[in-house]
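# Understanding the architecture of this molecule
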Amino acid sequence: MSKGSEGIVVEALPQVCLHDVPTNIMVSGCPPSTPVTLTMDTPNDQGKKFSTHAHFVCDDNGSVDVSRSESVGGSYTGIFPAGLFSTLKEFPFKGTRLQKLDPTKPWKMEVRVYKGHVSLEECDAETVKEVASTTLVRLVMAPGVRRIMVREGRVRGALFLPPGTGPFPAVIDVFGGFGGLREYRAAILASRGFACLALAYFKFEDLPETMDKLELDYFEEAVEFVLAQPEVIPDRCAVVSSSKGSDVALAMAIYLDKVKAVVTIGGMLAKMGTTLTYKNKELWQGGKFDKIMETDEKNRVITNESFVQEMYRPDNPLMVPCETAPVDTYFLFIAGDQDTTHSKYGVEGMAQRLKAYGREAQCRTIIYPGAGHIIEPPFNTSSDHSTYNLPADHPSYKNMKQMVMYWGGEPRATSQAQEDYWCQVRDFLNLHARDWSTWYQEYLLLSLTKMSK
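Residues numbered from 1 in each chain as written. Predicted model: local features only at pLDDT ≥ 70, side-chain atom pairs only at ≥ 80, totals over all residues. Heavy atoms only, no water.

### Considerations on the overall build of the protein
A tally of helices and strands in the protein yields nine helices and 26 strands. Expected size for 453 residues packed as a compact globule is a radius of gyration near 22 Å; at 23 Å, the protein falls within 12% of this value. In terms of overall dimensions, the protein has C-alpha extents of about 70 × 70 × 40 Å along its principal axes. Burial statistics for the protein: of 453 residues in total, 56% are counted as buried. The long-range share in the protein, meaning contacts at least 24 apart out of those at least 6 apart in sequence, stands at 67%. (Helix = DSSP H or I, 4+ residues; strand = E, 2+ residues; numbered from the N terminus. Rg over C-alpha atoms; globule rule 2.2 N^0.38 Å. Buried < 20%, exposed > 50% of the residue type's maximum accessible area, 1.4 Å probe, protein only. Contact = heavy atoms within 4.5 Å.)

### Let's talk about the packing of aromatic side chains
Any pair of aromatic rings gets described here by the distance separating the centres and the angle formed by the planes. Summed over all chains, the structure comprises eleven aromatic pairs. Pairing tyrosine 76 with phenylalanine 80 gives two aromatic rings, centres 5.5 Å apart and planes at 80°, and the pair type is edge-to-face. Exposure remark for tyrosine 76: the relative accessible area of 7% places this residue in the buried category. One aromatic cluster is present, formed by Tyr201, Phe202, Tyr218 and Phe219 through successive ring pairs. Over the ring of phenylalanine 175 we find arginine 185, and its NZ or CZ is 4.1 Å from the ring centre. (Phe/Tyr/Trp six-rings, centres within 6.5 Å; stacked < 30°, edge-to-face > 60°. Lys NZ or Arg CZ within 6 Å of the ring centre and 35° of its normal.)

### Quick look at the layout of surface pockets
Here the second largest pocket is characterised by a volume of approximately 210 Å³. In terms of lining, the second largest pocket is formed by 15 residues, of which the most central are Lys49, Arg112, Tyr114, Cys123 and Asp124. Counting only elements with at least two residues in the lining of the second largest pocket, the list comes to β5 (35-43), β6 (49-57), β10 (107-115) and α2 (120-124). Residues of the lining of the second largest pocket, tallied by class, amount to six nonpolar, two polar and seven charged. (1 Å grid on protein atoms, 1.4 Å probe; cavity = no way out; pocket = protein on both sides within 12 Å on 5 of 7 lines; lining within 4 Å. Points joined across faces, edges and corners; volume = space filled by probe spheres on them. Nonpolar A, V, L, I, M, F, W, Y, C, P; charged D, E, K, R; others polar.)

### Let's talk about the nonpolar core
One finds Ile172, Leu197, Met252, Phe333 and Leu429 to be the most contacted residues of the largest nonpolar core, which totals 130 residues. At eight residues, the largest contribution of residues to this core is made by helix α4 (residues 216-227). Discounting chain neighbours no more than four positions away, the residues touching leucine 197 are Val150, Val155, Gly157, Ala158, Leu159, Val171, Ile172, Asp173, Ala222, Phe225 and Val226. (Core = buried A, V, L, I, M, F, W, Y, C linked by side-chain atoms within 4.5 Å.)

### Comments concerning the packing of α4 against helix α5 (residues 245-255)
Across the interface, α4 lies against α5 with an axial gap of 10 Å and an inter-helix angle of 70°. Comparing the axis directions of α4 and α5 gives the class roughly perpendicular. Where α4 abuts α5, its residues Leu216, Phe219 and Val223 lie against Val248, Ala251, Met252 and Tyr255. Of the residues belonging to the contact of α4 with α5, the class tally is seven nonpolar, no polar and no charged. (Axes fitted to C-alpha atoms, helices over the stretch in contact; angles between N-to-C directions. Parallel < 35°, antiparallel > 145°, perpendicular 65-115°, else oblique.)

### Re the sheet that holds strand β19 (residues 275-278)
Taken together, three strands build an open sheet; the order of strands is β16-β19-β20 and the sheet is mixed. Each edge of the open sheet carries a strand with a single partner, namely β16 (213-215) and β20 (281-284). Taken pair by pair, the neighbouring strands of this sheet meet at an average axis angle of 35°, ignoring direction. Across three bridges, the pairing between β16 and β19 is parallel. For glutamate 215, the partnering residue across the bridge sits in β19 and is threonine 277. Across the sheet, α4 lies against β16, β19 and β20, angled at about 60° from β19, the strand it touches most. Its contacts with the sheet put α5 on β16, β19 and β20, and the angle it makes with β20 is roughly 115°. (Pairing = 2+ DSSP bridges.)

### Points about the state of the cysteines
The tally for this structure, following the rule as stated, stands at zero disulfides. With no disulfide of its own, cysteine 17 has cysteine 423 as its nearest cysteine by sulfur position, at a separation of 15 Å. Relative accessible area serves as the criterion here: at 8%, cysteine 17 is assigned to the buried category. For cysteine 196, which is in no disulfide, the shortest distance to another cysteine sulfur is to cysteine 237 and amounts to 9.9 Å. (Disulfide = S-S within 2.5 Å.)

These values are about where atoms sit, not about what they do.
What follows is the structure, given as structure tokens:
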């Protein structure tokens, strides 16, 4: 809670919390029925400023409660409890996606209160003065979570272990087609009781520079590494995947016996762009991406909808053959219906395909209205753009030095999807990576026997 010089107070409850926890922001001490502006800003890990603002009119008590008060202007309108978190954008806007690259450092978000309805430009230029402020601290890693950088054999990544000795359900987390290592989702999962390996698989350290050719043996080595940890339930693991990482995640479920469950989020469910091998044999040769990408009227990269619809036809040989996975393997397919990669067609096509093979009981699908391609853990900003610097040898480098991907989605709908999907994923992982484990059931029985003596 912070009290300004004019007796105006801004309060956040809770002020310090895990990043997937809702935080309410309240203002009090203003004259009744007066206009005020709330702003929020935070730097990303490179120091770029992300900001948002909302205009409110105080109630008869001179108060604003963001969970119940209506924004009448600014970055969003209406009653939207997570509105300030969901609408953070780089200021000035350049299409940069807000991601936490270093999970050991919490988000620090400054909330400021201004008299009247003012713009972000006025606040940035300091032509108006704040009358109260407070700082929110949002942890990506809970206290006691252990982060272990992994360079074991060929495996590269970061292992996150919850506090205590376990046994914890094992999860491998893979992101999409721009490579590197993203750790924040694994860190938040570990904060909720999962032993989670954030796995890099290209464009990181000594790994391949591209995903043109991948070896499933590498992912098998990652599975064995996680399951060998003494704190981990050793007989099964699950995989959480996003975007282009989903085709490999599905291959893990099909060909690796210990992978019993896969979540795909805006996933690539077809064999595209990657030749996949296993034990020196080719599993599949990926289709070409040259017809799938196009630009819209704002020169943003999107995906050709008609091509995607054909690609995800249930009987198309390009579809990943999930029906060949062991019968005790389960899938949760998630997409937003405003995703500009049109991943909803993949979810629908895969559901039809598995039903045709009598495997619908192993498949669950969720398509969120109004959500885009990027569905993050709760209270991350709604990211509808990403900007990437192109390498000098890229075919498009002469025409543009940067590529702007447009992902689609509306902040309010995406925020709602984030909160719901996070509960769905955690329940799915607990069921299939923990509760259905024979080893874990025997462990519980043994523990009960010891307690009864």
